[in-house]
Every structure is written in C-alpha cells, then in structure tokens.
Amino acid sequence: MGKLKPVVLGFLLWSMFACSDDMTGPEGDEFPEKLAPYETYYDAATFQQRRDDLVGSIPSDAMAVIVTNDTYLRNGDVGYEFRPASHFFYLTGFDEPNAVAVIRRKSPSVSTAELIMFVEKREGAALQWLGPVYGPEGAVEYFGADSAYEYENFVPLVRLYLGTGSYQSIYANFETNQTVADSFYSSGAEIPTVVDVNGIIEKMRVIKSPLEIDLIQQAVDVSVQAFTEALSMIEPGVYEYEVDALFDYILRLNGCSRAAFPTIVASGPNINILHYDENQRQMQAGELVMIDFGTEYGYYAADITRTLPVSGTFSPAQATIYGIVLEAYQTVVQAAAPEVSYYALYNLSRDLMLDRLLEKGIITGNKADLIATYSYRRYIQAGLAHPIGLDVHDPFPREESGDKILKENMVLALEPHIYLYEGDLTVDQDYWDVCARIEDDILITAACCEVLSAELPVEIEAIEKLMK
Ligand SMILES: [Mn+2]
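Calculation rules
Position numbers for residues count from 1 along each chain, tracking the sequence in the order it is written. Whole-chain, interface and lining totals are the exception, using all residues; otherwise, since this is a predicted model, local features are given only for residues with pLDDT of at least 70 and side-chain atom pairs are given and counted only at 80 or more. Only DSSP runs of H or I with at least four residues qualify as helices, and only runs of E with at least two residues qualify as strands; both kinds are numbered from the N terminus onward. Counting other C-beta atoms within 10 Å of a residue's C-beta gives its exposure: the residue is buried at 20 or more, exposed at 12 or fewer, and partly exposed in between, where C-beta atoms are placed from the backbone. Note: two strands are recorded as paired if DSSP finds a minimum of 2 bridges between them. Lines fitted to C-alpha atoms define the axes, with helix axes restricted to the stretch in contact, and inter-axis angles between N-to-C directions lie between 0 and 180 degrees. This entry defines residue contacts through backbone-placed C-beta atoms, with two residues in contact when those atoms are within 7 Å. For every domain, the bounds stem from an assignment made automatically or drawn from a database. Only Asp, Glu, Lys and Arg are considered charged, only Ala, Val, Leu, Ile, Met, Phe, Trp, Tyr, Cys and Pro nonpolar, and every remaining residue, Gly among them, polar. Put simply, a nonpolar core is buried Ala, Val, Leu, Ile, Met, Phe, Trp, Tyr and Cys residues tied into one set by C-beta atoms within 7 Å.

The next thing to look at is the environment of Arg258. Residue position: Arg258 is located in the loop between α10 (240–253) and β9 (264–267). Judged by C-beta crowding, with 13 C-beta atoms within 10 Å, Arg258 ranks as partly exposed. Sequence-wise, Arg258 and Glu81 are 177 residues apart; in three dimensions their C-alpha atoms are separated by 9.9 Å.

Time to look at the sheet that holds strand β14 (residues 385–387). Strand order in this open sheet of 4 strands is β14-β15-β18-β19, and the pairing throughout is antiparallel. Of all the strands in the sheet, the pair left with one neighbour each is β14 and β19 (449–451). Taken over all neighbouring pairs, the strand axes of this sheet differ in orientation by 30 degrees on average, direction set aside. Two strands pair when backbone bridges link them, and strand β18 (residues 440–444) and β19 are joined in this way by 3 bridges, in the antiparallel orientation.

Across a sheet, strands are paired by hydrogen bonds formed along the backbone, either parallel or antiparallel in direction. Read across the open sheet, the 3 strands follow the order β9-β10-β13; overall the sheet is antiparallel. In this open sheet, the two strands that pair with only one neighbour each are β9 and β13 (304–309). The average angle at which neighbouring strand axes cross in this sheet is 10 degrees, direction not considered. Bridging between strand β10 (residues 288–293) and β13 involves 6 bridges; their strand directions are antiparallel. Bridge pairing in β13 places Phe293 opposite Ile304. Along the sheet, α10 makes contact with β9 and β10, crossing β9 at roughly 155 degrees.

Here the domain parsing of the chain yields domain 1 (9–205) and domain 2 (210–467). Computed over C-alpha atoms only, the centres of domain 1 and domain 2 are separated by 36 Å. Counting from both sides, the interface comprises 11 residues of domain 1 and, opposite them, 11 residues of domain 2. Looking at the side of domain 1 that touches domain 2, the elements that each hand over two or more residues are α3 (86–92) and α8 (198–205). Broken down by element, the residue count for the side of domain 1 that touches domain 2 peaks at 4 residues, all from α8. Split into classes, the residues belonging to the side of domain 1 that touches domain 2 amount to 4 nonpolar, 3 polar and 4 charged.

On to the nonpolar core, then. Formed by 126 residues in total, the largest nonpolar core has its most connected members in Ala64, Ile103, Met117, Val289 and Ile418. It is helix α9 (residues 210–233) that provides the largest number of residues to this core, a total of 10 residues. Two domains each provide a minimum of three residues to this core, namely domain 1 (9–205) and domain 2 (210–467). Excluding anything up to four places from it in sequence, Ala64 contacts Leu54, Ile58, Ile103, Arg104, Tyr171, Ala172 and Val197.

Here's what the structure looks like:
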C-alpha cells in the first residue's frame with residue numbers, strides 16, 4: 001500500500017528536535033521553539049477572512065469570545081486525547097488546549113477583525129516534561145493574532161474591555177468549555193448580554209473552500225485505501241477488531257492522527273445497531289458485515305460505509321436488499337445538484353426503496369399509509385445525507401424557511417439504507433436481519449455532483465471480485 005502525503009509537516013519538523021543528544025535536557029532559551037503550524041494547509045489570509053466575516057455578522061458594539069475544548073482526565077492522571085473544538089479551529093487554525101480567542105472589530109467603523117489570543121505558555125519543568133507550545137509569541141507570529149497573552153490573563157483583560165462600556169453584547173460558545181465559562185461568569189465584571197454564536201459560525205462553515213475540499217479529498221483517499229485493504233482481508237473467522245486495527249494502521253501510516261469517529265465494524269446481528277462500535281465479534285460465513293469508517297486529515301473528516309458479504313458472495317436475499325439500496329444511491333447521485341433540496345432527495349430515495357420492497361413482496365402494506373404514519377421508518381431509520389467537514393456531522397445550513405437547499409461546494413455524506421429486523425412480522429422472514437447501507441462522500445459542483453470516494457467500488461460484482 002502506498003503512503004500518501006503526511007499532513008502535519010510542521011509537527012514532524014519540531015518533533016525531530018525532541019531527540020536531543022544533550023543528556024541533561026534543554027533548558028530555557030536552549031529549547032527549540034515549536035515551528036510553524038500545519039505548513040501544508042495553514043493559510044493566514046483564509047483564517048483572517050473568516051474572522052472578518054464573523055465580525056461582519058455581529059453588531060458593531062459586540063465582541064466574540066470563542067473558546068476551544070478543555071482537557072479531561074480519563075482515569076488516574078491519564079487524559080483523554082485532545083482535539084480542538086471545530087468552531088475555534090475554523091476561526092484561528094490554532095490547535096492547542098487552554099486557549100481563548102477574542103475577536104472584535106479593529107474599530108467600530110470597520111469590519112476588519114482584530115484577534116486577541118489567550119494561550120498556554122510553558123517554561124521550566126513544564127517545558128521539559130511536556131514539550132514546547134506556540135505560546136503568546138507563536139500566536140502572533142504564526143496565527144495572525146494582533147496581540148496574545150498567557151491564558152491566565154483572559155479574565156482580567158476581558159474585564160478591562162468590558163469596563164470601557166463599548167460592548168453591549170458578547171457572542172460566545174461558552175458551552176464548549178465550562179472552565180472558561182466559570183471563570184468568565186465569576187470574574188466580577190459587569191456581564192453584558194451573552195449571545196450564542198454557534199449558528200453564525202455554522203452558517204459560515206457550510207460552503208467549503210478549495211483548500212477544505214482538498215483536505216476532505218485527502219481524508220477520503222486514505223479511507224478508500226483502508227477499505228480497499230479490508231475488502232481483501234474479510235472472510236469467515238476474522239474478528240471485527242482486526243478490520244478496526246487495519247484502519248487505524250493505514251490512517252496513521254498516512255500521517256493522520258485519528259479516525260473522524262469511532263469505527264463501526266458490525267457483523268451478523270450487530271448490523272442492526274446503528275452506531276455499534278464494540279468491534280469484538282468473530283465474523284461467520286454467510287453473514288453481512290457493515291463497515292462505517294472515515295479518517296480525519298488535517299482535522300477534516302471522511303465518512304464512508306460499505307456492506308459486505310463475509311463469505312465474499314452476497315446471498316440472493318442480501319443481493320436483493322443491497323441492490324435496492326444501490327439503486328436509491330445511484331438515483332440520488334444523479335439528482336444531487338445546486339438548488340435541489342435535501343428533502344426532495346430524501347423523498348426520492350425513500351419512495352424508490354418502498355416501491356421496490358413492496359413490488360418484491362418483501363414488506364407488506366400500502367406505500368401512502370407507510371409514509372403518512374411514518375411506519376416506513378422501521379426500515380429506513382436515519383436521514384439520507386449530512387454535510388461533512390471539520391465535523392463528521394457538519395452543520396446543515398439553517399434557512400429561514402427551514403429548507404435544506406444544496407449549494408455548490410457543499411460536501412455531503414450520502415447514506416441510503418434499509419434495515420429489516422428479525423421478528424418483524426411486516427417483513428418476509430427470508431429477509432429478517434438483512435440490512436444494507438452504502439455511504440459515499442459527494443461534492444456539489446456547479447451543475448451536479450462529484451463522488452469523492454468513487455474509487456471504492458459500490459457495485460455487487462466489483463465488490464465480490466475484490467473480495468476474492
Ligand atoms: Mn454518515
């Protein structure tokens with residue numbers, strides 16, 4: 001398997017300095033600074049433009065306070081892996097914990113944003129034990145901060161800003177970090193109105209830039225490589241965790257830090273659990289295995305699902321259900337385009353799948369009744385699609401009308417599916433426990449859409465060939 005381009009060049013460069021020959025260890029000024037961030041994708045102008053857009057979207061007498069995730073202990077003194085909050089990263093590109101960004105107009109009459117950052121500084125033992133951080137100097141040098149201070153200065157300085165009386169409101173995402181929220185609310189400052197900023201940033205994140213599309217494509221390419229390897233590995237007797245481990249291996253080999261969400265390898269009866277991620281079971285001949293995986297690349301997610309026959313060949317019942325889902329998938333790919341609504345695509349795929357299930361006598365009932373009573377949801381439980389980006393379930397645009405209209409340069413995971421449960425008397429017994437989900441990532445283009453994960457086969461014959 002080929003190794004794709006590593007994502008975090010800057011990280012690799014500074015980590016080389018960690019291997020010092022000096023047995024006493026570096027101290028103070030001798031310790032190398034952390035080098036420039038994410039050279040492969042950090043673009044200062046892009047992040048500045050996002051902050052300009054943010055201050056343009058809030059009143060001129062407001063300032064934004066954007067916080068990132070806190071760190072949490074898992075057990076004893078071992079912490080959970082830190083991953084920056086997506087909104088914070090989107091506006092700053094900064095990916096260390098213990099940071100706050102104050103974003104406000106440079107002056108009331110302009111919509112150019114000023115960035116004031118509060119970040120961690122490490123010296124002495126903390127530096128030697130934990131390694132370098134960007135620090136306030138790095139926040140200015142690499143992340144376009146107009147000024148930056150140690151994290152502890154956030155509360156006193158915000159108090160000072162509020163004391164000027166220039167701010168009637170604060171647009172914040174305090175729910176992301178209770179530690180920052182507590183210190184803010186107990187600061188003794190006269191607190192102006194606090195407004196939830198999340199909806200504004202969600203809207204900004206809907207349309208992807210060329211750079212973001214490229215990062216998602218990289219995440220998709222690594223994920224497709226992992227799936228391709230898995231196809232030749234699956235056979236009766238293989239454990240679910242073996243596939244999970246293969247995916248971890250391939251994503252790390254490609255310079256990715258983690259999967260975008262817990263990998264699902266659900267075989268046999270586990271296939272009915274939508275977010276099954278225990279991955280402990282041994283696969284048996286004749287079963288299906290549903291695999292939902294996507295890596296994170298430069299903090300951008302891929303999200304792909306394939307439903308595979310453990311023995312390498314679909315049984316007639318499995319092929320029938322898979323074929324219906326595949327037809328829905330192909331119909332939706334043909335129809336997805338700018339100005340088409342998500343609900344139109346959802347109805348298109350739902351109607352097609354219900355028609356086929358009824359025509360073939362797999363389920364009983366009347367289509368109009370199934371829809372009117374929502375009882376079709378016992379077979380089609382989840383939505384058809386969701387945007388992907390910094391989060392695997394990126395926000396859908398919230399239009400005033402409540403519509404979800406597709407736009408050029410949105411990226412979506414499409415995931416038509418059918419689940420037929422054991423014991424469901426509305427389902428032909430030959431089809432009990434037969435399920436299928438197909439999920440691919442698509443980019444909405446000027447006229448239609450492009451399947452970013454098209455290199456991973458989706459047709460029955462192609463899958464069976466690769467599994468041989
Ligand atoms: Mn998905």
